[in-house]
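Close look at the chain arrangement
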Amino acid sequence: MQAPFDPQSNPGNLFKRGLDHHSETPASDVAGKAFPTVKAVAILEAIATARRPLGISEFGALLGIPKATAHRIAHMLEDEGLLQREPGSNRYVPGARLERLGLDIVAASMSRAPRHAILQSLSQQIGETCNFGVMAGSHVVYLDRVESAWPFGLRFEPGSRVPLHCTSMGKLFLSLLPAQKRALMLSSIPLYRYTQNTFTDAARLEQELEKIHAAGVAVDNQEFLAGVVCVAVPVCGPRKQTVAALAISAPSARMSLQQAITHIPLLQAAARQLAVTIDDDKSSSEKERS
């Protein structure tokens, strides 16, 4: 059985925490265990956030890697145009290719702005957290999330992964799988018990998934996190296939599961709005040619 899920263990957050001056995890503890490719990304993160030229020894000190390793990676990044030397110095600054990449990332985030605005509007209407995610392998991955204005909420970030068998979005995705593929998933993923409400028996979970498939709506009744309830609905692509899910989550002390269910019409309306923001490969190609 897998160990209990730790929202802070998302690999996408490791270096972000490692380079944060307020982090409790030293950068050396993280970088020392990373693969060379991840070390290269860490150097790019360091140069992008330092706001001043950095030398090889500073890369090594910041990331806890040997100077020779930092020297080798920096030269590789320089050859690829991701780093460049500061004139008259051995220190590095972002290269032209890295700057273009940064601008492309900003442009991509702007293209997702309408989707985020839909989540914000839904969150304001309901007063609770809204999540937008997809199924990736044996997990749900959050693509976007708008937290409620209430304090002391559990914080996840885009890129965070949560289990399939005990979350509303995860169970929704499982319910929509073809029967044979669903059976294979249920026999292969660990049905870890996170709370006393978690479905850990495959047969009982299969019955739950059949109900979800029929209703087109999934709930998480404190199955992943004690004291937290969630409701999820599907988000369809241009070909009417489910490509993502939209969910609300709230502490049961503020919103009961029955109250959360009353918001399903709002969720479904927002899901239809989100569907407009999703392109498939065919429609994207047609737009590029026009």
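Described below are features of the structure shown in this document. None of these values were measured; they are calculated from a predicted model. (Residues numbered from 1 in each chain as written. Predicted model: local features only at pLDDT ≥ 70, side-chain atom pairs only at ≥ 80, totals over all residues. Heavy atoms only, no water.)

It is worth spelling out the packing of aromatic side chains at this point. Summed over the entire model, instances satisfying the criterion amount to three aromatic pairs. On the basis of an interplanar angle of 40° and a centroid distance of 6.3 Å, the ring pair of Phe59 and Tyr92 is categorised as tilted. Placement of Phe59 in helix H4 (residues 56-63) and of Tyr92 in strand S2 (residues 92-94) is noted, with a sequence separation of 33 residues between them. Comparing Phe59 with Tyr92 shows no difference in burial state: the two are buried. Seen in terms of ring centroids, Tyr192 and Tyr194 are 4.9 Å apart; in terms of plane orientation they differ by 75°. Their pairing is edge-to-face. Its relative accessible area of 17% is what places Tyr194 among the buried residues. (Phe/Tyr/Trp six-rings, centres within 6.5 Å; stacked < 30°, edge-to-face > 60°. Helix = DSSP H or I, 4+ residues; strand = E, 2+ residues; numbered from the N terminus. Buried < 20%, exposed > 50% of the residue type's maximum accessible area, 1.4 Å probe, protein only.)

A few words on the pattern of salt bridges. Applying the stated criterion across every chain, the model contains ten salt bridges. A salt bridge links Arg182 to Glu206, with the nearest nitrogen and oxygen atoms 2.5 Å apart. Linking Arg182 in helix H9 (residues 179-188) with Glu206 in helix H10 (residues 202-215), this pair joins segments that are 24 residues apart in sequence. The exposure class of Arg182 is buried, given its relative accessible area of 5%. With relative accessibility at 25%, the residue Glu206 sits in the partly exposed group. Linked through salt bridges whose partners overlap, the residues forming this network are Arg52, Glu58 and Arg91. (Salt bridge = Lys/Arg side-chain N within 4 Å of Asp/Glu carboxyl O.)

The subject of this paragraph is the environment of Gly227. Residue placement: Gly227 occurs in the loop between strand S6 (218-221) and strand S7 (228-236). Taking relative accessible area as the criterion, Gly227 reaches 23% and is therefore assigned partly exposed. Setting aside residues no more than four positions away along its own chain, Gly227 makes contact with Gln222, Ala250, Pro251 and Ser252. (Contact = heavy atoms within 4.5 Å.)

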